[in-house]
Amino acid sequence: MIQLQNVSKQYANGKAVDDISFSIEEGETLVLLGTSGCGKTTTLRMINRLTEPTKGDIIVNGQDIKTQPPELLRRGIGYVLQHHGLFPHYTVAENIAIVPNLLKWNKEKTARRTDELLQKLQLSATVANLYPAQLSGGQQQRVGLARALAANPPVLLMDEPLGALDPVTRASIRKEFNNLDELKRKTILLVTHDVQEAFELGDRICLMNEGKIVQIGTAQELLFNPSDEFVSRFIKEQRFQLELESIQLKEVWRFLPKAIEGTDEKLLVPETTLWEAIETISQAKHPEAERFATTVSNQKKQIEIGSLMAAYTNYKNSIKA
Amino acid sequence: MNEQQQSLWSFIQQQSDKLLEQTLAHIGLTFISLLLSIIIAIPLGIWISRKKQWSGTILGIAGVLQTIPSIALLGFMIPLLGIGAKPAIVALMLYAFLPIIRNTFTGINQVNSSVTDAAKGMGMTSYQILFKVELPLAMPVILAGIRTATVINVGVATLAAYIAAGGLGEFIFGGIALNNTNMILAGAIPAALLAIFFDFLLARVQQLNIKNARISLISIPIILVGLSSFYLLPATIKGHMLAGFTPEFMGRSDGYLGLKSKYKLNIRTVVISDAVMYKAAFENQLDVISGYSTDGRLKAYDLVVLDDDKTIFPPYYAAPIVRQEILTKYAELEPALNLLSGRINDSIMTDLNYRVDHLKEPPEKVAREFLIRQNLYKEPRNGNKGIVRMGSKIFGEQYILLQMYSILIKGNTDLTVETKTGLGGTKICFDALTNNQIDMYPEYTGTGLLVILQPVNNVVQQIIGNKEKVYEYVQKEFINQYKIKWLKPIGFNNAYALMMRKKQAGELNIRTISDLKMFIDNN
Ligand SMILES: Nc1ncnc2c1ncn2[C@@H]1O[C@H](COP(=O)(O)OP(=O)(O)OP(=O)(O)O)[C@@H](O)[C@H]1O
Ligand SMILES: [Mg+2]
């Protein structure tokens, strides 16, 4: 769906992007992760031709982007910016309608789509007639996303879409994004320097440093199979949590103790991550009385914090071996 | 000649036609130039916001244009565009450039880059970005620039009266020249009100909801074009010959008013400053002008004086007027000053003026050479018996006379001289004299009669035709009223006069003002 082949960008003061290649499959979310100034934004902006590459080819939807007029290319690619970039003189509804209007949709269709998006992004209908300055940061960012999604583009580019928000709002909007059906079907390139966000939102993660790709792969690959020292160091601080988040109950199944028959447990689905399981257990109202279990192919296993941690350690040892 | 006693209100009522015409011309001038300026300056501002490397140069040039004094800028326009509305509009347009270019540039630059970035990223063309994003968001700032330019233009447009472009400056400068406060106010108050009104109006537009910027984008040009068209209204009267008169001449009974009442002269007129009037006549832009009969430019521009066959212009014989007190104190002063009496006739004075005004010789040199030729020159005695303070009005002839008197006093007495040249017009010189700030200055009998003494009309009528009677009258009244003495006349008569190009007057066989009237009536 998106393909970069040996792409470089040279500025007067050096190479911002140095010979990178990757491809993003249809419906996949790839996260560009890296320190400030490593070339993430430059990479992203080359895809909708806001920046022209010095070298290399970029193919979107099977077509070399150089062969299309930039305006037409951009109308087919959703673009979300860190500082939302909403037009201050347009209402929320008018902001959302920008691309549909460029594509000359009729009024009715645009209005229906606007209502739909407001609803999906949990914005009340009254917001439609407000100006961006009258919204909270979180609302502005949602409108920014709604605007990018308005014309239903197959491809979405997001440059630190939550970068300007406080950590709490950020975490909650991230959850919403994760559950948004519209986003699930799209090919997405998302830029962030937040490791947590990258692991949570990305199907795969592309870690960059000084204009080059250091490693590209799934969360587990980066965690348990780092290509070099830089990768481990980059995720060191959050490693424990990231690992717990990347492993599901069914993966450590074989290391969990059997459940005691006949007791009255709460069941967790096998796809629950270890992190979620620990959260659920530690937030139980009556930790003494409540029990938790999970069932795979009719076999029930008991879950406690202690046994989970033991299973986690065993699992890690098993994949290293 | 009792304008001072007249109330401002009755003046305005009396002159309401003129006031309306001037106001409309003023609005028209302001807005035509503003409109042209906007048409040029906004695209320029947009252009330099795209090509930042040019912004310094363009803003620099616009800035320099604005530092040129308004009168000088108008003056520069005359050789290029002649007189009248064209040069005035161009000059005003240039004045309005800086605030509009600058504000368009800053207005566009201050649009948040993430907004233009988003616009581009969504696939808007650069044309759409300009008209849907940048200009609407820059509109309040651009409007602020237009507002500044409007206020500047309303003010500077008063100066348009100097180059025959009309406007409220006609009353203002006429009033200053005639020392007529009502006339000044009749021009100045409407001009100030216009500035305040348009400022207020644009402030309202500026405060409109940012969304209505789109409406103002369309409505403002319409309003501007509408206001601009005012200027075309008064310009519909057409005539064969065009006269250019100074603001002072327009308001004097021994001027335009007399031409109308005594000669029934009905000529199309424009108001113009005497600095450009002679040249404009020479260049065929004016056919008839008001001037002074000894002006050096008469000779320089090959003009001829029309005979005042019905005597509306009183004699203007020049003579020094001196405070009686100082004449008594230094008895040797009066004989020294009288040495010049009878020595300079009209043609000599015209020639001396020509050398100063046109050939740009220093007045001091011209005066000294004249006295040497007349055998009146003596080396200064460098005495220190006392000081004589001399003043002069602000034109060449007075400077020359002052230098002559200075040489005569220094050479023939032990007195020294202190000069205060350039004391504006009659009123300022005379006030300086009566307030004991100067001791003497050269004055003209007609001015003493009509501007200072202002006797009732029938007295004027009795004596105006006779130069001796006028001299005697002013001499007697000045001593009685002010203790100021008129010494012996120098000889020349620097009267108001109507002038035409020698060639044209010859071809049309016009020698007198009555001939001119006949010619105009028959065509
Ligand atoms: N227009 C430009 N001209 C010159 N250098 C640029 C330009 N844009 C980016 N750079 C340089 O290219 C490098 C990469 O910039 P880029 O914006 O892609 O980094 P980034 O990874 O997005 O960083 P951040 O996380 O801070 O947004 C930086 O060193 C930057 O200084
Ligand atoms: Mg960036």
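Now for a look at the structure at hand. (Residues numbered from 1 in each chain as written. Chains lettered and ligands numbered in written order. Predicted model: local features only at pLDDT ≥ 70, side-chain atom pairs only at ≥ 80, totals over all residues. Heavy atoms only, no water.)

**Examining the overall build of chain A**
Within chain A one finds 14 helices and 13 strands. Taking the principal axes of its C-alpha atoms as reference, chain A extends roughly 65 × 50 × 35 Å. Here chain A holds 321 residues, and the buried ones make up 51% of them. By sequence separation, contacts in chain A at least 24 residues apart represent 69% of the contacts at least 6 residues apart. Entry remark: accessible area of chain A is about 15100 Å², with carbon and sulfur atoms responsible for 49%. Each charge sign in chain A was given a centre, from 38 positive and 40 negative side chains, and these centres are 3 Å apart. (Helix = DSSP H or I, 4+ residues; strand = E, 2+ residues; numbered from the N terminus. Buried < 20%, exposed > 50% of the residue type's maximum accessible area, 1.4 Å probe, protein only. Contact = heavy atoms within 4.5 Å. Areas by Shrake-Rupley, 256 points an atom, 1.4 Å probe, with all protein chains shown as cover. Lys, Arg positive; Asp, Glu negative; His and termini not counted. Charge placed at Lys NZ, Arg CZ, Asp CG, Glu CD.)

**Some details on the packing of aromatic side chains**
Using the criterion set out here, one finds 22 aromatic pairs over all chains in the structure. On the numbers, 5.8 Å between centres and 35° between planes, the contact of A:Phe230 with A:Phe234 is tilted. Linking A:Phe230 with A:Phe234, this pair stays in helix α11 (residues 229-235), spanning 4 residues, or about one helical turn. Here A:Phe230 matches A:Phe234 in class, with each residue buried. Taking the centre distance of 5.4 Å and the plane angle of 75° together, the rings of B:Phe478 and B:Trp486 count as edge-to-face. In this structure B:Phe478 comes out as buried when scored by relative accessible area, which is 0%. B:Trp486 sits in the buried class, given a relative accessible area of 0%. Through a chain of ring-to-ring contacts, the aromatic side chains of B:Phe245, B:Phe249, B:Tyr256, B:Tyr292, B:Phe313, B:Tyr316, B:Phe395 and B:Tyr496 assemble into a single cluster. One residue, A:Lys109, lies across the ring of A:Trp105, its end atom 4.1 Å from the ring centre. (Phe/Tyr/Trp six-rings, centres within 6.5 Å; stacked < 30°, edge-to-face > 60°. Lys NZ or Arg CZ within 6 Å of the ring centre and 35° of its normal.)

**A few points about the sheet that holds strand β11 (residues 266-268) of chain A**
Residues and elements named next belong to chain A. Taken in spatial order, the 3 strands of this open sheet run β11-β12-β13, and their pairing is mixed. Looking along the sheet, the strands with just one partner apiece sit at the ends: β11 and β13 (299-303). Shown here is a sheet whose adjacent strand axes are inclined to one another by a mean of 40°, direction ignored. (Pairing = 2+ DSSP bridges. Axes fitted to C-alpha atoms, helices over the stretch in contact; angles between N-to-C directions.)

**Regarding the interface of chain B and chain A**
At the interface, 19 residues of chain B touch 22 residues of chain A. A buried area of about 1800 Å², summed over both sides, lies between chain B and chain A, and 61% of it is on carbon and sulfur atoms. Our count for the contact surface shared by chain B and chain A stands at 1 salt bridge. Two residues, A:Arg45 and B:Asp117, come together in a salt bridge whose shortest N-O distance is 2.5 Å. Our count for the contact surface shared by chain B and chain A stands at 4 residue pairs in polar contact (both at pLDDT 80 or more). Counting residues per element, the ones that place at least two in the side of chain B that touches chain A are α6 (113-121) and α7 (126-156) of chain B. Tallying contributions element by element places α6(B) first for the side of chain B that touches chain A, with 7 residues. (Buried area = accessible area lost by both parts, 1.4 Å probe. Salt bridge = Lys/Arg side-chain N within 4 Å of Asp/Glu carboxyl O. Polar contact = N/O pair within 3.5 Å; in protein donor to acceptor, adjacent residues only side chain to side chain.)

**Some remarks on the pairing of strand β8 (residues 440-444) of chain B**
Residues and elements named next belong to chain B. The buried fraction of β8 amounts to 5 of the 5 residues, a majority that puts the element mostly inside the structure. Burial of the side chains of β8 extends over both faces: Met-440, Pro-442 and Tyr-444 are buried on one face and Tyr-441 and Glu-443 on the other. When strand β5 (residues 318-323) meets β8, the two strands line up antiparallel, connected through 5 bridges. Considered in β8, the bridge of Val-322 is made with Met-440.

**A look at the side chain of B:Thr23**
Considering the arrangement of structural elements, one finds B:Thr23 in helix α2 (residues 16-50). When near neighbours in sequence (up to four residues on either side) are disregarded, B:Thr23 contacts B:Leu168 and B:Leu194.

**A look at the environment of B:Ser70**
Residues and elements named next belong to chain B. Following the sequence through the fold, Ser-70 ends up in helix α4 (residues 70-81). Residue classification places Ser-70 among the buried residues on the basis of a relative accessible area of 19%. It is 7.5 Å that separates the C-alpha atoms of Ser-70 and Leu-159, two residues lying 89 residues apart in sequence. If sequence neighbours within four positions are ignored, Ser-70 has contacts with Tyr-95, Val-156 and Leu-159.

**Some thoughts on unusual backbone geometry**
Residue and element names in this part refer to chain B. The phi torsion at Asn-284 lies on the positive side, around 65°, for a residue other than glycine. Tracing the backbone shows Asn-284 in the loop between α13 (274-282) and β3 (288-292). Located in the positive-phi region is Asn-509, a residue other than glycine, with phi close to 60°. As for its placement among the helices and strands, Asn-509 is situated in the loop between α24 (502-508) and α25 (513-522).

**What about the pairing of strand β7 (residues 155-159) of chain A?**
Residues and elements named next belong to chain A. Within β7, 5 of the 5 residues are buried, leaving the element largely enclosed by the surrounding structure. Judged by which residues are buried, β7 turns out to be covered on both faces: Val-155, Leu-157 and Asp-159 on one side and Leu-156 and Met-158 on the other are all buried. Examined bridge by bridge, strand β6 (residues 77-80) and β7 share 4 bridges and lie parallel to one another. Across the sheet, Tyr-79 pairs through a bridge with Leu-157, a residue of β7. Judged from the 5 bridges that link them, β7 and strand β8 (residues 187-192) form a sheet pairing that is parallel. Of the residues in β8, the one forming a bridge with Asp-159 is Val-191.

**Comments concerning the packing of α6(B) against α7(B)**
All names here are of chain B. Two elements in contact, α6 and α7, have axes whose closest approach is 11 Å; the angle formed by their N-to-C orientations is 165°. Here α6 is positioned roughly antiparallel relative to α7, judged by the angle of their axes. The handedness of the crossing between α6 and α7 comes out as right-handed. Here α6 contributes Val-115, Thr-116, Ala-119 and Lys-120 to the contact with α7, which in turn contributes Ile-129, Val-133, Glu-134 and Leu-137. (Parallel < 35°, antiparallel > 145°, perpendicular 65-115°, else oblique. Left-handed = near helix turned anticlockwise from the far one by under 90°.)

**Some thoughts on the pattern of salt bridges**
Scanning the entire structure with this criterion turns up 40 salt bridges over all chains. The shortest N-O distance in the salt bridge between B:Lys485 and B:Glu334 comes to 3.1 Å. In this pair, B:Lys485 is assigned in strand β9 (residues 484-486) and B:Glu334 in helix α16 (residues 333-338), connecting sequence segments 151 residues apart. Given the relative accessible area of 22%, B:Lys485 is considered partly exposed. Here the salt bridges share partners, and the residues they tie into one network are A:Arg113, A:Glu116, A:Lys120, A:Asp181 and A:Glu182.

**Some remarks on helix α12 (residues 239-246) of chain A**
The periodicity of an α-helix, 3.6 residues per turn, causes residues three or four positions apart to be oriented the same way. Within α12(A), the full set of buried residues consists of A:Leu242, A:Glu243, A:Leu244 and A:Ser246. Check the buried side of α12(A) and you find it contacts α9 (195-201), α10 (219-224), α11, α13 (274-282) and α14 (305-320) of chain A.

**So, the state of the cysteines**
This model, assessed by the stated rule, comprises 0 disulfides over all chains. Of all cysteine sulfurs, the one in A:Cys206 lies closest to A:Cys38, which takes part in no disulfide; the gap is 8.9 Å. (Disulfide = S-S within 2.5 Å.)

**Focus: the nonpolar core**
Residues and elements named next belong to chain B. In terms of nonpolar packing, the biggest core is built from 83 residues, with Leu-333, Leu-340, Leu-498 and Leu-516 touching the most fellow members. Element by element, the count of residues in this core is highest for helix α19 (residues 396-412), at 8 residues. Discounting residues that sit within four places of it in the chain, Leu-516 has contacts with Met-241, Leu-265, Val-288, Leu-306, Leu-498, Met-500 and Ile-510. (Core = buried A, V, L, I, M, F, W, Y, C linked by side-chain atoms within 4.5 Å.)

**Points about the site of ligand 1**
All names here are of chain A. In the neighbourhood of ligand 1, the contacting residues comprise Tyr-11, Asn-13, Ala-16, Ser-36, Gly-37, Cys-38, Gly-39, Lys-40, Thr-41, Thr-42, Glu-160 and His-193. Interatomic distance of 2.8 Å between a side-chain N/O atom of Lys-40 and an oxygen atom of ligand 1. Measuring from an oxygen atom of ligand 1, one finds a side-chain N or O atom of Thr-41 at 2.5 Å. Starting from 630 Å² of accessible surface for ligand 1 in isolation, the protein chains cover 59%. Element by element, the count of residues in the shell around ligand 1 is highest for helix α1 (residues 40-47), at 3 residues. Class assignment for the residues of the shell around ligand 1 results in 3 nonpolar, 7 polar and 2 charged. (Near = heavy atom within 4 Å. Nonpolar A, V, L, I, M, F, W, Y, C, P; charged D, E, K, R; others polar.)

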